[in-house]
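Per-entry structural report
One-letter residues, chain by chain:
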2 protein chains.
Amino acid sequence: MSLAAPDHRLEQALVDVTRLLEKHRVLTALTHRQEGPKRDLLEQLQQRQNLTELHARVNPLHPADLAHVFEMLMPDERLLIWQQLEGRQRGEVLLEVSSAVRESLIETTGHDDLIAATSHLDADDLAYLADALPEEVLRSASRQLDAGERSWLDQSRAYGKNSVGGVMSPEVVFIRDDQTVDDALVHLRQRGELPPQTDRLFVVDARNVLKGSVPLQALLLTDPRQPAAAITSTDDVVLRPDEEAEEAAQAFERYNLVSAPVVDERNKLIGRLTVEAVMDFNRHLAEQRALERAGLRKEEDLFASTWASARNRWPWLCVNMVTAFIASRVIGAFEGTIQELVALAALMPIVASVGGNTGNQTVAVVIRGLALDQIQGQHTSYLIYKELMVSLLNGLMWGGLMGLFAWLIYDRPALGAVMMGAMVLNLLLAAMVGIAVPLALERLGRDPAQGASVLLTFATDSCGFFFFLGLAKLFLV
Amino acid sequence: MSLAAPDHRLEQALVDVTRLLEKHRVLTALTHRQEGPKRDLLEQLQQRQNLTELHARVNPLHPADLAHVFEMLMPDERLLIWQQLEGRQRGEVLLEVSSAVRESLIETTGHDDLIAATSHLDADDLAYLADALPEEVLRSASRQLDAGERSWLDQSRAYGKNSVGGVMSPEVVFIRDDQTVDDALVHLRQRGELPPQTDRLFVVDARNVLKGSVPLQALLLTDPRQPAAAITSTDDVVLRPDEEAEEAAQAFERYNLVSAPVVDERNKLIGRLTVEAVMDFNRHLAEQRALERAGLRKEEDLFASTWASARNRWPWLCVNMVTAFIASRVIGAFEGTIQELVALAALMPIVASVGGNTGNQTVAVVIRGLALDQIQGQHTSYLIYKELMVSLLNGLMWGGLMGLFAWLIYDRPALGAVMMGAMVLNLLLAAMVGIAVPLALERLGRDPAQGASVLLTFATDSCGFFFFLGLAKLFLV
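Model, not experiment: these values are computed from the prediction. (Residues numbered from 1 in each chain as written. Chains lettered and ligands numbered in written order. Predicted model: local features only at pLDDT ≥ 70, side-chain atom pairs only at ≥ 80, totals over all residues.)

Here we take up the overall build of chain A. When its secondary structure is counted, chain A shows 22 helices and five strands. The globule rule puts the C-alpha radius of gyration for 477 residues at 23 Å, and the 31 Å found for chain A is more than 25% above it. By its C-alpha atoms, chain A is 90 × 80 × 45 Å across when sized along the principal axes. For chain A, the residues scored as buried account for 45% of the 477 residues in total. Here the contacts in chain A between residues at least 6 apart in sequence split such that 68% fall between residues at least 24 apart. (Helix = DSSP H or I, 4+ residues; strand = E, 2+ residues; numbered from the N terminus. Rg over C-alpha atoms; globule rule 2.2 N^0.38 Å. Buried ≥ 20, exposed ≤ 12 C-beta atoms within 10 Å, placed from the backbone. Contact = placed C-beta atoms within 7 Å.)

Set out below in structure tokens:
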């Protein structure tokens with residue numbers, strides 16, 4: 001028995017694969033050094049033997065481990081291993097790798113090979129890959145499905161990746177509500193192996209309408225002569241295909257589910273959602289959002305080309321450039337004031353920067369509140385009041401401290417007072433923008449965290465400069 | 001059967017609870033308006049009846065739903081419901097609410113009530129609450145555990161919240177490797193209900209050494225006369241209590257696990273980890289990090305007091321203040337230059353801001369690479385090369401564009417050239433810092449995303465000002 005810690009088998013695989021790849025590199029370099037007919041037969045033989053060894057090492061790996069190995073390698077190394085994979089394993093790897101790697105593998109593989117890789121996949125795997133595969137490949141690969149599976153595939157694609165319908169699986173095991181436990185067990189034995197993550201059988205009537213579910217453990221623990229109806233639990237969470245997958249994921253967490261049935265509008269059983277699919281969905285969503293928040297248009301492979309990486313970052317840079325330009329024009333309007341008191345130029349970034357940071361703290365609190373549904377009608381005014389009070393307190397305290405520094409450095413008490421005033425104003429503004437922007441984005445159905453930080457920084461920069469230079473113009477010069 | 005979409009029962013509960021709370025508020029206002037003996041008996045009665053109704057509505061709720069309701073209410077409303085809860089339900093709610101709400105509930109509840117709330121909890125629930133409960137309460141509550149459970153509780157606390165030992169559960173169902181399937185089934189029926197998320201029974205020998213596991217579905221599908229050993233799977237993922245919970249969570253995702261055994265250094269079975277615990281851990285970690293990245297010291301309740309919220313944000317503000325102050329002193333060193341050409345003051349924030357944004361994009365790519373183990377020895381130099389090339393490309397392109405604007409606005413071509421030069425330099429610096437900082441933080445065992453953005457912005461601000469004003473001093477004035 002392999003009493004392995006989870007990462008050990010992966011580590012071992014990686015060590016072996018890296019060694020074989022390194023050997024391949026050395027052998028290739030050696031054979032290339034020698035010219036035409038003088039090529040060393042022995043070395044060619046070694047080369048071939050090395051590839052056979054690589055073939056034997058990578059094909060039996062768990063597809064998830066192999067996918068992890070793929071992520072860690074440079075594009076040319078990925079391709080070398082890819083060529084050693086058998087069709088079935090290629091299909092499994094395509095399911096497990098990140099979308100950036102998947103795209104590059106699909107790009108470099110011919111249609112016939114792609115069809116060989118995907119033609120053993122079942123309907124929900126194909127649905128998962130559908131957008132990435134060329135239409136011709138998808139059509140050929142889905143030819144091996146039966147009519148029901150094919151129509152399931154089309155439906156599932158229509159629901160979209162972020163709905164329950166897009167992440168559900170068609171593999172449901174059900175029993176009829178008029179069966180006994182014994183009937184159900186016989187039925188199961190005839191059927192053979194159950195799909196992974198089957199913790200319950202769904203119970204349906206003659207018209208496939210869902211009646212409830214029977215946990216596997218109840219089947220094990222009950223007298224087999226009882227009717228299945230006696231151990232059917234009827235208060236399960238039931239999902240609909242057009243619900244958001246994110247909400248379904250929350251239900252899985254809240255009620256500790258392993259699987260849940262999906263039904264259509266007439267309560268007929270059409271699929272199920274598993275905790276595995278939910279975890280994949282959660283991770284994917286989190287990664288996607290992390291990248292988007294940093295302003296990357298889409299998932300970017302670390303080993304993507306310079307040109308592709310640069311372009312992936314342009315839309316954000318462009319927005320940033322525009323907002324920075326506007327903030328710069330605010331300063332430009334006060335050039336006369338700065339000319340008279342150049343200390344203002346040195347101090348103004350402090351006001352802008354502290355405003356941006358406190359605003360982002362407010363945004364974080366608001367986003368957490370949105371996730372917990374804490375922000376309802378009457379609570380919003382409380383929230384605004386509180387964040388403004390926090391800003392006032394922090395503005396007086398930290399603004400006062402910075403004002404003191406300004407006074408001491410430039411020996412002008414009035415400059416300190418202007419500094420403190422500008423900081424209080426900018427922190428109050430930051431609180432209001434930090435509340436308003438995520439709420440507005442949420443109402444528009446956008447990710448509140450992504451756009452919020454750009455808009456917020458834009459406001460706190462521009463207004464920070466404006467408050468500080470404006471007050472200085474009024475009271476100092 | 002309740003064919004409810006997951007959120008409907010929660011919504012209904014919330015509507016009802018809100019209505020009852022509103023009624024309570026109105027009735028309280030009414031009785032308070034009338035003086036001493038004139039208090040209306042009828043209204044007092046209504047008040048009491050209303051609370052009874054609230055009691056009857058909240059106690060049967062699923063603790064996870066009730067916890068969600070708690071999160072959404074103001075502190076005084078929470079307290080009112082809390083007072084209506086029975087001891088057992090209070091304990092369950094404490095397990096489900098966020099740590100901020102948990103703290104406030106524990107603070108406002110007497111020790112005796114806390115003991116009543118927690119004394120039915122089992123060892124792993126108590127382990128989860130241990131740090132939040134007063135020591136005296138924990139001691140009383142753990143008195144009902146047997147000696148084995150108590151020592152388990154102590155051990156689990158010693159492992160810490162982020163290790164497998166800290167999130168595992170002691171509820172393991174095991175069979176002996178010399179039993180037949182039929183023996184195992186008899187054993188299970190005697191035992192009665194299995195713990196939630198039991199998808200497999202663990203197989204141990206006479207000395208409790210783990211031999212493998214039997215999936216429930218194999219028990220259902222196999223001829224009962226077979227020895228258990230025949231259907232024991234031996235290539236399971238096996239965890240150790242001192243491993244990081246985050247790594248175990250990755251193994252759950254990778255291999256689609258529902259539960260996994262935890263063994264000590266002699267391979268003896270000491271507990272198990274469930275996908276439920278993994279999902280809770282993942283969510284908690286993600287929330288924690290999101291708040292930390294925005295510079296909140298710890299989880300902050302939306303309804304926490306102004307003073308508590310303000311203090312929660314100070315450490316970060318303090319750091320921010322120091323870095324902003326240093327950047328300001330960099331500008332201060334060039335006051336003479338700015339005096340001569342005041343346009344510099346207006347343009348310098350653009351250089352700093354664009355540098356910060358591109359650097360954060362690099363940080364996002366590096367953090368994703370770290371999560372995927374993509375950044376190994378020989379890849380680091382490739383990564384550095386590539387990010388520098390991306391920066392050079394973006395710097396020339398967008399820096400050129402900004403330079404053009406500067407030239408047009410101020411009618412000085414040399415100013416445009418200085419602008420472009422400073423942007424190229426600052427973007428190159430941003431790329432290097434954006435790679436170095438997360439790698440260094442990762443090596444120090446810190447969350448690479450949190451500290452990275454402060455340090456990065458500090459570098460790109462200070463150096464952005466330095467590059468731009470320095471070049472201007474050399475070539476313009």
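Our next topic: unusual backbone geometry. Residue and element names in this part refer to chain A. Backbone geometry places asparagine 208, a non-glycine residue, at a positive phi of 70°. Relative to the helices and strands, asparagine 208 resides in the loop between β2 (200–204) and β3 (210–215). When the 16 C-beta atoms within 10 Å are taken as the criterion, asparagine 208 is described as partly exposed.

Another aspect to go through is the pairing of strand β3 (residues 210–215) of chain B. All names here are of chain B. Most of β3 is tucked away, with six of its six residues classed as buried. One ladder, built from five bridges, connects strand β2 (residues 200–204) with β3; its direction is antiparallel. Bridged to valine 204 within β3 is leucine 210. In sequence, β2 turns back onto β3 through a hairpin of five residues, with asparagine 208 there showing a positive phi of about 70°. (Pairing = 2+ DSSP bridges.)

A word on the relation of the copies chain B and chain A. Between the two copies, chain B and chain A, the superposition gives an RMSD of 0.1 Å; the rotation angle is 180° and the shift along the axis is 0.0 Å. Given the turn and translation reported, the copies of this chain are related as if by a two-fold rotation axis. Take the interface residues of chain B: 100% of them recur as interface residues in chain A, which is what a same-surface contact looks like. (Least-squares fit on C-alpha atoms with pLDDT ≥ 70 in both.)

With that settled, the discussion passes to the sheet that holds β2 of chain A. Residue and element names in this part refer to chain A. The strand order β1-β2-β3 describes an open sheet built from three strands, whose pairing is mixed. Unpaired on one side and paired on the other, β1 (174–176) and β3 mark the two borders of the sheet. Direction aside, neighbouring strands of the sheet carry axes that sit 35° apart on average. (Axes fitted to C-alpha atoms, helices over the stretch in contact; angles between N-to-C directions.)

This part takes up the confidence of the model for chain A. Residues and elements named next belong to chain A. Summarising the model, chain A shows a mean pLDDT of 88, and 96% of its residues fall at 70 or more. Across chain A, the secondary-structure element scoring lowest on mean pLDDT is helix α1 (residues 6–33), at 79, and the one scoring highest is strand β4 (residues 259–263), at 95. Counted against residues more than four places away or in other chains, residues 1–5, with its pLDDT under 50, gives 12 contacts. Interface confidence in the predicted complex, given as ipTM, is 0.82; pTM for the same model is 0.83. (pLDDT = per-residue confidence, 0-100.)

Take the packing of helix α14 (residues 245–255) of chain B against helix α15 (residues 275–293) of chain B next. Residues and elements named next belong to chain B. Put simply, α14 and α15 touch, their axes get as near as 10 Å, and they point 120° apart. Put simply, α14 runs oblique to α15. Seen from above, α14 lies across α15 with left-handed handedness. Judged by residue contacts, Ala245, Glu246, Ala249 and Phe252 of α14 engage Val275, Val278, Phe281, Asn282 and Leu285 from α15. Class assignment of the residues belonging to the contact of α14 with α15 gives a composition of seven nonpolar, one polar and one charged. (Parallel < 35°, antiparallel > 145°, perpendicular 65-115°, else oblique. Left-handed = near helix turned anticlockwise from the far one by under 90°. Nonpolar A, V, L, I, M, F, W, Y, C, P; charged D, E, K, R; others polar.)

This next bit is on the sheet that holds β2 of chain B. Residues and elements named next belong to chain B. Reading across the sheet, the three strands line up as β1-β2-β3 and stay open at both edges, with mixed pairing between neighbours. Both outer strands of the open sheet, β1 (174–176) and β3, are each paired with one neighbouring strand and no more. Looking at each pair of strands side by side, their axes are set apart by 35° on average, direction ignored.

Here we come to the nonpolar core. By size, the foremost hydrophobic cluster in this structure holds 126 residues, and its most contacted members are Met423 of chain A together with Met423 of chain B. Ignoring sequence-local partners within four residues, the contact set of methionine 423 of chain B consists of Val351, Val354, Gly395, Trp398, Gly399 and Met402 of chain B. Core analysis: the next-biggest nonpolar cluster, separate from the first, contains 76 residues, Val204, Ile231, Ala249 and Phe252 of chain A among them. (Core = buried A, V, L, I, M, F, W, Y, C linked by C-beta atoms within 7 Å.)

Among the six residues of strand β5 (residues 269–274) of chain B, five are classified as buried, and the element is accordingly described as predominantly covered. Linking two consecutive strands that pair antiparallel, namely strand β4 (residues 259–263) of chain B and β5 of chain B, is a turn of five residues; a positive phi of about 65° is found at asparagine 267 of chain B within it.

Right, let's get into the environment of phenylalanine 467 of chain A. Residues and elements named next belong to chain A. When you line up the elements, phenylalanine 467 lands in helix α22 (residues 448–475). Among the residues examined, phenylalanine 467 registers 24 C-beta atoms within 10 Å and is labelled buried. Taking the C-alpha atoms as reference points, phenylalanine 467 and proline 227, 240 residues apart in sequence, are found 76 Å from one another.

Take helix α7 (residues 111–118) of chain A next. All names here are of chain A. Here α7 has its buried residues at Leu114, Ala117 and Thr118. Looking down the long axis of α7, one finds its buried residues gathered within 85° of arc, a one-sided arrangement. Those residues of α7 that are buried lie in contact with α5 (87–96), α6 (99–107), α8 (123–129) and α9 (135–141). (Arc of directions from axis to C-beta.)

Turning our attention to the domain arrangement of chain A. Domain annotation of chain A identifies domain 1 (8–159), domain 2 (174–285) and domain 3 (313–475). Taking the mean C-alpha position of each, domain 1 of chain A and domain 3 of chain A sit 51 Å from one another. (Domains from an automatic or database assignment.)

With that out of the way, let us pick up the environment of glutamine 339 of chain A. Structurally, the position occupied by glutamine 339 of chain A is in helix α18 (residues 335–340). C-beta crowding within 10 Å serves as the criterion here: with 17 such atoms nearby, glutamine 339 of chain A is assigned to the partly exposed category.

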